[in-house]
Amino acid sequence: MQKPRVKTSDIALKILHKIAFSDEPLSQSEIAEAAGIVKSAAHKHLFTLEETGWISRDHLTGRYRLGPQAWLVGQRATQIGDLALSADSFMRTTRQETGLAVVLSSVNGRSLNVIAALNGTHAIEIGVRQGSQLPLHSSAQGQILLAFGDPKLVDEVCSEELPALTPKTLTNPEKLRCRVEEARQSGYVWAPEETLLGVNVVAAPVFNNHKQIIATVALVASIQHLTDPPSEEHVRAIRTLAGDISQTRGYEFG
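Sequence positions are assigned chain by chain, starting from 1 and proceeding in written order. Restriction of local features to residues with pLDDT of at least 70 applies here, the model being predicted, together with a cutoff of 80 or more for giving and counting side-chain atom pairs; totals for whole chains, interfaces and linings are based on all residues. Side-chain measures here rest on the full set of heavy atoms in the structure, leaving out hydrogens and waters.

(A) Representation of the overall build of the protein. Helix and strand labels come from DSSP, where a helix needs a run of H or I of at least four residues and a strand needs a run of E of at least two; each type is numbered from the N terminus. Across its full length, the protein carries nine helices and seven strands. Type-normalised accessible area, obtained with a 1.4 Å probe on protein chains alone, sets the label of each residue: buried when under 20%, exposed when over 50%, and partly exposed for intermediate values. Residues counted as buried form 44% of the 254 residues belonging to the protein. Whether two residues are in contact is decided by their heavy atoms, any of which lying within 4.5 Å being enough. Here the contacts in the protein between residues at least 6 apart in sequence split such that 54% fall between residues at least 24 apart. Note on areas: Shrake-Rupley with a 1.4 Å probe; residue coverage comes only from the protein chains shown. Counting only carbon and sulfur atoms, one obtains 52% of the accessible surface of the protein, whose full area is about 14,200 Å². Counting rule applied: Lys, Arg positive; Asp, Glu negative; His and chain ends not counted. Charge placement uses NZ in Lys and CZ in Arg. For Asp and Glu, CG and CD serve respectively. In the protein, which carries 25 positive and 27 negative side-chain charges, the distance between the mean positions of the two groups comes to 5 Å.

(B) Representation of the side chain of Thr169 in the model. Mapped onto the secondary structure, Thr169 falls in the loop between α7 (151-158) and α8 (173-186). Taking relative accessible area as the criterion, Thr169 reaches 7% and is therefore assigned buried. N or O atoms within 3.5 Å of each other form a polar contact, as long as, within protein, one can give a hydrogen and the other can take it, and as long as residues adjacent in sequence are counted only when both atoms are side-chain atoms. Within the local environment of Thr169, its side chain forms a polar contact with the backbone oxygen of Glu194, the two atoms lying 2.6 Å apart. Look past the residues within four positions of Thr169 in its chain and what remains in contact with it is His137, Ser138, Pro163, Ala164 and Glu194.

(C) Seen up close, the pairing of strand β3 (residues 101-108). Burial of β3 is extensive: seven of the eight residues sit out of reach of the surface. Pairs of strands are assigned from DSSP output, requiring at least two bridges between the strands. Pairing of β3 with strand β7 (residues 213-222), which is carried by six bridges, proceeds in the antiparallel orientation. Paired with Ser106 across the strands is Ala215, a residue of β7. Both β3 and strand β4 (residues 111-118) contribute to a ladder of seven bridges, which runs antiparallel. Among the inter-strand pairings, Val107 is bridged to a residue of β4, identified as Leu112. With antiparallel pairing between neighbouring strands as the criterion, β3 and β4 make up a hairpin whose turn holds two residues, including Gly109 at a positive phi of roughly 65 degrees.

(D) Representation of the pattern of salt bridges within the structure. By salt bridge we mean one thing: a side-chain nitrogen of Lys or Arg within 4 Å of a carboxyl oxygen of Asp or Glu. Enumeration over the complete set of coordinates arrives at eleven salt bridges. One salt bridge in this structure joins Arg57 and Glu50, with 3.8 Å as the shortest N-O distance. Note on Arg57: relative accessible area 31%, which makes it partly exposed. Between Arg92 and Asp88 there is a salt bridge, with the nearest N and O atoms lying 3.0 Å from each other. One end of the pair, Arg92, and the other, Asp88, are both in helix α5 (residues 78-98), four residues apart, so they sit about a helical turn from each other. When its relative accessible area of 40% is taken as the criterion, Arg92 is described as partly exposed. Salt bridges here are not isolated pairs; linked through shared partners, they connect Arg110, Glu156 and Glu160.

(E) Structural view of helix α9 (residues 232-248). The span expected for a helix works out to 1.5 Å for each residue beyond the first. The end-to-end C-alpha distance of α9 is 25 Å, a good match for the 24 Å that 17 residues give at a rise of 1.5 Å each. All of the buried residues in α9 are His234, Val235, Ala237, Ile238, Leu241, Ala242, Gly243, Ile245 and Ser246. Of the residues trailing α9, Gly250 is marked for its positive phi of about 90 degrees.

Following this line, the structure appears as structure tokens:
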């Protein structure tokens, strides 16, 4: 069973996430709308975050941006930045060879967040925004985490409601369990149109020197360019990419 979450913490984190990934400073009204709360409640959260240095407010415009505390914590997250840096050249090579978007997502418990993304080279681009949190049941990356992460995670996710993001999303727990088992056996998984209609994703795990999953890599494209099932070329590309990045983290095959 999923552990209960603290609502106030969820709201504060949602506010930080919105401010962090906005292209410009945000007003109190914009933040309240994004967090799904009234302006008076947003004011209390913003005051606390500002007082503790997580955000800062421009006293002329009244708009908010990240503060020094957020910067300091970010400097401590060097492993994530190092992972993205070490994966970059391999991701670019794969993008060049396949023409498809390439996405790297970091694992943190039951959370999966995009830390690096390269758009494809086709005329119509399909991209994934850095910082996005991926659903576990409906994304290929999430299904990879269920396959190679904490075994308890599968039971937790399957005990929850599995919302249908599209008509093709896996909402049946037993079908999801079968998909996860297939991923364990093959070392990769694809989720055609399960998060967004017309889009297919094929993903594979990235391991560290302790043989623990620390990230996922994925190819993302329209169903026209990344077919269902994916071609042998694309399967080989994603498995090779995952293996190359894993080796930079000390993982040894065999």
